[in-house]
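The lines below spell out each chain.
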Amino acid sequence: MSITNFPGSANSSPLDPSITKVTIPALAEMKRQGKPISALTAYDYATSRLVDEAGIDLVLVGDSLAMVVMGHDNTLAVTVDEMLHHTRAVRRAVRRALVVADMPFGSYHGTVAEGVANAVRFIKEAGAEAVKIEGPRVAQVEALTDAEIPVIGHLGLTPQSVHRMGGYRVQAKSVDTIQQIKADARALEEAGAGLLVLEGIPREVAAEITAELTIPTIGIGAGPDCDGQILVFHDMVNLSFAPKAKFARRYGDAAELFRAAIEQYREDVEHRAFPSDEESYHLSSAVRKELEAEHGETTPMKHLRKA
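A brief structural summary.

Cut-offs used in this document
- Residues numbered from 1 in each chain as written.
- Predicted model: local features only at pLDDT ≥ 70, side-chain atom pairs only at ≥ 80, totals over all residues.
- Heavy atoms only, no water.
- Helix = DSSP H or I, 4+ residues; strand = E, 2+ residues; numbered from the N terminus.
- Rg over C-alpha atoms; globule rule 2.2 N^0.38 Å.
- Buried < 20%, exposed > 50% of the residue type's maximum accessible area, 1.4 Å probe, protein only.
- Contact = heavy atoms within 4.5 Å.
- Areas by Shrake-Rupley, 256 points an atom, 1.4 Å probe, with all protein chains shown as cover.
- Lys, Arg positive; Asp, Glu negative; His and termini not counted.
- Charge placed at Lys NZ, Arg CZ, Asp CG, Glu CD.
- Axes fitted to C-alpha atoms, helices over the stretch in contact; angles between N-to-C directions.
- Parallel < 35°, antiparallel > 145°, perpendicular 65-115°, else oblique.
- Left-handed = near helix turned anticlockwise from the far one by under 90°.
- Salt bridge = Lys/Arg side-chain N within 4 Å of Asp/Glu carboxyl O.
- Pairing = 2+ DSSP bridges.
- Core = buried A, V, L, I, M, F, W, Y, C linked by side-chain atoms within 4.5 Å.
- Phe/Tyr/Trp six-rings, centres within 6.5 Å; stacked < 30°, edge-to-face > 60°.
- 1 Å grid on protein atoms, 1.4 Å probe; cavity = no way out; pocket = protein on both sides within 12 Å on 5 of 7 lines; lining within 4 Å.
- Points joined across faces, edges and corners; volume = space filled by probe spheres on them.
- Nonpolar A, V, L, I, M, F, W, Y, C, P; charged D, E, K, R; others polar.

Brief notes about the overall build of the protein chain
So, step 1. Looking only at helices and strands, the protein chain features 12 helices and eight strands.
So, step 2. Taking 19 Å as the expected radius of gyration for a compact globule of 307 residues, we find that the protein chain reaches 25 Å, considerably beyond that expectation.
So, step 3. Taken along the three principal axes of its C-alpha coordinates, the protein chain extends 90 × 40 × 40 Å.
So, step 4. The buried share among the 307 residues of the protein chain stands at 45%.
So, step 5. Sequence-distant contacts, at least 24 apart, represent 55% of the contacts inside the protein chain between residues at least 6 apart.
So, step 6. Accessible surface for the protein chain amounts to roughly 16500 Å². Of this, 55% is attributable to carbon and sulfur atoms.
So, step 7. Across the protein chain, 32 positive and 42 negative side-chain charges occur, with their mean positions spaced 2 Å apart.

Things to note about the packing of helix α6 (residues 138-146) against helix α8 (residues 175-191)
Any two packed helices are characterised by how steeply their axes cross, that is the angle between the axes, and by the distance between the axes.
So, step 1. Between α6 and α8, the shortest axis-to-axis distance is 8 Å and the interhelical angle comes to 20°. In this view, α6 runs roughly parallel relative to α8, as classed from their interaxial angle. For the pair α6 and α8, the crossing hand works out as right-handed. Touching Val138, Val141, Glu142 and Thr145 of α6 are Ala187, Leu188 and Ala191, all from α8.

Re the pattern of salt bridges
Think of it this way: side chains of opposite charge can pair up when their charged atoms draw near.
So, step 1. Under the definition given, this model contains 18 salt bridges.
So, step 2. The salt bridge partner of arginine 266 is glutamate 267, with a shortest N-O separation of 3.8 Å.
So, step 3. Residue glutamate 267 is classed as partly exposed on the basis of its relative accessible area, which comes to 33%.
So, step 4. Between glutamate 270 and arginine 266 there is a salt bridge; the shortest N-O distance is 3.4 Å. Here arginine 266 and glutamate 270 lie together in helix α11 (residues 254-270), a separation of four residues that amounts to about one turn.
So, step 5. A relative accessible area of 40% means that arginine 266 is categorised as partly exposed.
So, step 6. In this structure, a network of salt bridges that share partners links the residues Asp81, Arg88, Arg121 and Glu125.

Re the sheet that holds strand β3 (residues 98-102)
So, step 1. Spatially, eight strands are ordered β1-β2-β3-β4-β5-β6-β7-β8 in a closed barrel, and the strand pairing comes out parallel. Taking each pair of neighbouring strands and ignoring which way they run, the sheet shows an average axis angle of 25°.
So, step 2. Note: strand β7 (residues 217-220) against strand β8 (residues 228-231), two bridges, orientation parallel. Among the inter-strand pairings, glycine 219 is bridged to a residue of β8, identified as glutamine 229.

Concerning the nonpolar core
So, step 1. Among the nonpolar cores identified, the biggest contains 59 residues, and Phe122, Val131, Leu144, Leu196, Leu198, Ile201 and Ile209 are the most heavily contacted of them.
So, step 2. With sequence-adjacent residues up to four places away left out, leucine 144 is seen in contact with Gly115, Val116, Ala119, Val131, Ile133, Ile149 and Val151.

Quick notes on the packing of aromatic side chains
So, step 1. Applying the stated criterion across every chain, the model contains one aromatic pair.
So, step 2. Aromatic side chains tyrosine 265 and phenylalanine 274 sit 5.8 Å apart centroid to centroid with 65° between the ring planes, which places their arrangement in the edge-to-face category.

Quick notes on empty space enclosed by the protein
So, step 1. With the rule as written, the count across this model stands at one cavity of 30 Å³ or more.
So, step 2. Residue lining of the largest cavity: Leu58, Leu60, Val100, Lys132, Ile152, Leu195, Val197, Ile218 and Ile230, and that is the complete set.
So, step 3. Secondary structure elements with two or more residues in the lining of the largest cavity: β2 (58-61) and β6 (195-199).
So, step 4. In terms of residue class, the lining of the largest cavity is built from eight nonpolar, no polar and one charged.

So far we have only geometry, and geometry alone does not tell us how the molecule works.
Printed below as a string of structure tokens:
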């Protein structure tokens, strides 16, 4: 892996020189060495910091935030400005992982030049180190590569195509569609894509694509034979409030943890058990005596409730 210094600022410390920054070439080297790549989505400072400190290789600021953070029914509503806002927050937290920003629906569906201009914003304004686009958009990938913007492709079940696909359905199940997705994968690699996300396709198809490509594949609902795996953070910890997808293993139950903490807090407030006297600030004895002398016994300070 190559080492890149992370710029320090008044609000953040410089990258520890012992930390090896993950880059696109570093992930390619992991594929060559047969080392699995771990990836997760993240959308804010706190969770992305935890993800990075846990050693995850790639952090994707996914347009899935439209659903799991903003409450939309699909990914289509989130805007460029909203994605930039969340990418900035994630970038402030991450020191080691590669930070990738999803380009939202409509940001690269017009002209190629418009797509490049929007991608530049993610690199220049938000600090992303790569962008991800969906579909076999070879010309767009070529243009982004020419503009020195690392790009990640995404084939199979592409959520921004939900209306065309008629829902979230497994793709590449027939001979013709298998041949097409394999051709699209090769074309994206030749166009300059640094990685390829494979979503919602049969394991056998993902395995063939992974074996044929020299760039890494990252699977989500594509079986264990990809070079790496990605999950939506909220799915992994049961914060998505949606039926669990077949591939979305839950590694924790943050919903139950948060619910229990919130309910306990509410009960403590209702029973005046929070805050306690120890959790309160107090006047100094000198100031208190002065006030008591000034106000006499009418001062309420003589009658403070003891928690």
